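Given next are the chains, with one letter for each unit.
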2 protein chains.
Amino acid sequence: MDMNQALDALAALGQKTRLEVFRLLVKAGTDGMHAGEIAEALNVRQNTMSANLAVLARAGLIRNEREGRNLRYFADMDGIRGLLAFLMEDCCGGNPTLCQPVLDALACEC
Amino acid sequence: MDMNQALDALAALGQKTRLEVFRLLVKAGTDGMHAGEIAEALNVRQNTMSANLAVLARAGLIRNEREGRNLRYFADMDGIRGLLAFLMEDCCGGNPTLCQPVLDALACEC
DNA sequence: TCGATATTTCATGATTTATGGATATGAATC
DNA sequence: GATTCATATCCATAAATCATGAAATATCGA
């Protein structure tokens, strides 16, 4: 994760619809959700949602798999973990005893 | 941490100068840095930096203490911890064995 | 009180971003 | 191959955001 990736990710999450999408997908876990379901759940028009999903995907926060006519979207745990690690990098001057446990613990394998 | 606070925090971090400031202050830890030092370190004009510091402070990500003519800024670990917890809330449908350790570990006391 | 220093506030113009309608693509079904 | 469904893309417009210069505020020392 470098600065630009982190910026993309944070900017992507700094918008209401996209933050809601991300949290919805985090909650959905490995089941994921179809694009249409997401749009309906959040009451957002299809084209707007598509654009927002694209922003999140480009930022590495979600990914999708095609299922016939549908696209199923998932939260990308690797992406969010990398972002969190970047945010806390060199925490407290890099003192490892204080902060390394935080980063290690982000190895959540949802 | 509610949705609006989280949006403020993410939008605040989704801008290059502000993300750099935040990481600088995370690195500085309990020592913090003067506003002027921060502006100089990142080569940003003082009024621009002041505006950006205000955004971060309003978002609860940094805080300051006056020291004579200077303001010393610090990363607000409570703020960032709350944000990270909000992002991962109800991860995997709230399955606690998978994801609770991540949230607990964010109790880093820098 | 006066001047110097550190920082913030305000107003503005320029750039970026979000949204909605229309349209296009891609996959399944008939 | 025509139709239909799910989703993506294009384009124009409205809204939000950003950096900047000028002015204001707060603190310190003489």
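Heads up: the structure comes first, above all this text.
Here we come to the protein's contact with DNA strand D. Surveying the vicinity of DNA strand D reveals 19 residues, the closest of which are Gln-46 and Tyr-73 of chain A together with Arg-18, Arg-45 and Asn-47 of chain B. A share of 64% is what sugar and phosphate atoms reach among the atoms of DNA strand D within 4 Å of the protein. The side chain of Ser-50 of chain A places a nitrogen or oxygen atom 2.9 Å from a phosphate oxygen of DNA strand D. Mapped by element, the contributors of at least two residues to the surface near DNA strand D are α3 (35-42), α4 (46-58) and β3 (70-75) of chain A together with α4 (46-58) of chain B.

Let us look at the protein's contact with DNA strand C. Near DNA strand C lie 19 residues; those nearest to it are Arg-18, Arg-45 and Asn-47 of chain A together with Gln-46 and Tyr-73 of chain B. Between DNA strand C and Asn-47 of chain A there is a distance of 2.5 Å, counted from a base nitrogen to a side-chain nitrogen or oxygen. Between Leu-71 of chain B and DNA strand C, the recorded distance is 3.4 Å, taken from a backbone N or O atom to a phosphate oxygen. Breaking the surface near DNA strand C down by element, the ones donating at least two residues are α4 of chain A together with α3 (35-42), α4 and β3 (70-75) of chain B.

This paragraph deals with the packing of aromatic side chains. The way to describe two aromatic rings as a pair is by their centre distance and the angle between their planes. Tallying each qualifying case throughout the model produces zero aromatic pairs over all chains. Above the plane of the ring of Phe-86 of chain B lies Arg-23 of chain A, whose end atom (NZ or CZ) is 3.6 Å from the centre.

Take the pairing of strand β2 (residues 62-67) of chain B next. All names here are of chain B. Relative to β3, β2 is paired through six bridges, and the arrangement is antiparallel. Within β3, the position partnered with Asn-64 by the bridge is Tyr-73. Counting the residues in the hairpin turn of β2 and β3 gives two residues, including Gly-68, whose phi is positive at 60°.

Let's shift gears to the side chain of Arg-72 of chain A. Following the sequence through the fold, Arg-72 of chain A ends up in strand β3. Only 2.8 Å separates the side chain of Arg-72 of chain A from the backbone oxygen of Asp-31 of chain A, close enough to count as a polar contact.

The three strands lie next to each other as β1-β3-β2 (chain B), forming an open sheet whose pairing is antiparallel. Only two strands of the sheet have a single neighbouring strand rather than two, namely β1 (33-34) and β2 of chain B.

Moving on: helix α2 (residues 16-28) of chain A. Note that an α-helix has 3.6 residues per turn; residues three or four places apart therefore point the same way. All names here are of chain A. With 13 residues, α2 should reach 18 Å at 1.5 Å per residue; the first-to-last C-alpha distance of 18 Å fits that figure. All of the buried residues along α2 are Thr-17, Arg-18, Leu-19, Val-21, Phe-22, Arg-23, Leu-25 and Val-26. Gly-29 sits one or two residues past α2 and shows a positive phi near 60°.

Two quantities define a packed helix pair, namely the angle between the helix axes and the distance between the axes. Residue and element names in this part refer to chain B. Interaxial distance between helix α2 (residues 16-28) and α3 falls to 11 Å at its minimum, and their mutual angle equals 120°. By the angle class used here, α2 and α3 are oblique. Every pair of crossing elements has a handedness; the one defined by α2 and α3 is right-handed. Here Thr-17, Glu-20, Val-21, Leu-24 and Leu-25 of α2 lie close against α3, whose contacting residues are Ile-38, Ala-41 and Leu-42. Of the residues assigned to the contact of α2 with α3, the class counts are six nonpolar, one polar and one charged.

Counting buried residues along helix α5 (residues 77-87) of chain B, eight of its 11 residues qualify, which places the element largely inside the surrounding structure. Near the N-terminus of α5 of chain B, the side chain that reaches the backbone nitrogen of Asp-78 of chain B, with its oxygen 3.0 Å away, is that of Asp-76 of chain B.

Under the criterion given, the structure shown has six salt bridges over all chains. A salt bridge links Arg-63 of chain A to Glu-65 of chain A; its shortest N-O distance comes to 3.9 Å. Judged by relative accessible area, which is 42%, Glu-65 of chain A ranks as partly exposed. A salt bridge links Asp-78 of chain B to Arg-81 of chain B, with the nearest nitrogen and oxygen atoms 3.4 Å apart. Here Arg-81 of chain B and Asp-78 of chain B lie together in helix α5, a separation of three residues that amounts to about one turn. A residue is classified by how much of its surface remains accessible, and Asp-78 of chain B, at 56% relative accessible area, is exposed.

Rules and cut-offs
Residues numbered from 1 in each chain as written. Chains lettered and ligands numbered in written order. Predicted model: local features only at pLDDT ≥ 70, side-chain atom pairs only at ≥ 80, totals over all residues. Heavy atoms only, no water. Near = heavy atom within 4 Å. Polar contact = N/O pair within 3.5 Å; in protein donor to acceptor, adjacent residues only side chain to side chain. Helix = DSSP H or I, 4+ residues; strand = E, 2+ residues; numbered from the N terminus. Phe/Tyr/Trp six-rings, centres within 6.5 Å; stacked < 30°, edge-to-face > 60°. Lys NZ or Arg CZ within 6 Å of the ring centre and 35° of its normal. Pairing = 2+ DSSP bridges. Expected span 1.5 Å × (residues − 1). Buried < 20%, exposed > 50% of the residue type's maximum accessible area, 1.4 Å probe, protein only. Axes fitted to C-alpha atoms, helices over the stretch in contact; angles between N-to-C directions. Parallel < 35°, antiparallel > 145°, perpendicular 65-115°, else oblique. Left-handed = near helix turned anticlockwise from the far one by under 90°. Contact = heavy atoms within 4.5 Å. Nonpolar A, V, L, I, M, F, W, Y, C, P; charged D, E, K, R; others polar. Salt bridge = Lys/Arg side-chain N within 4 Å of Asp/Glu carboxyl O.

Just geometry here; none of it tells us what the structure is for.
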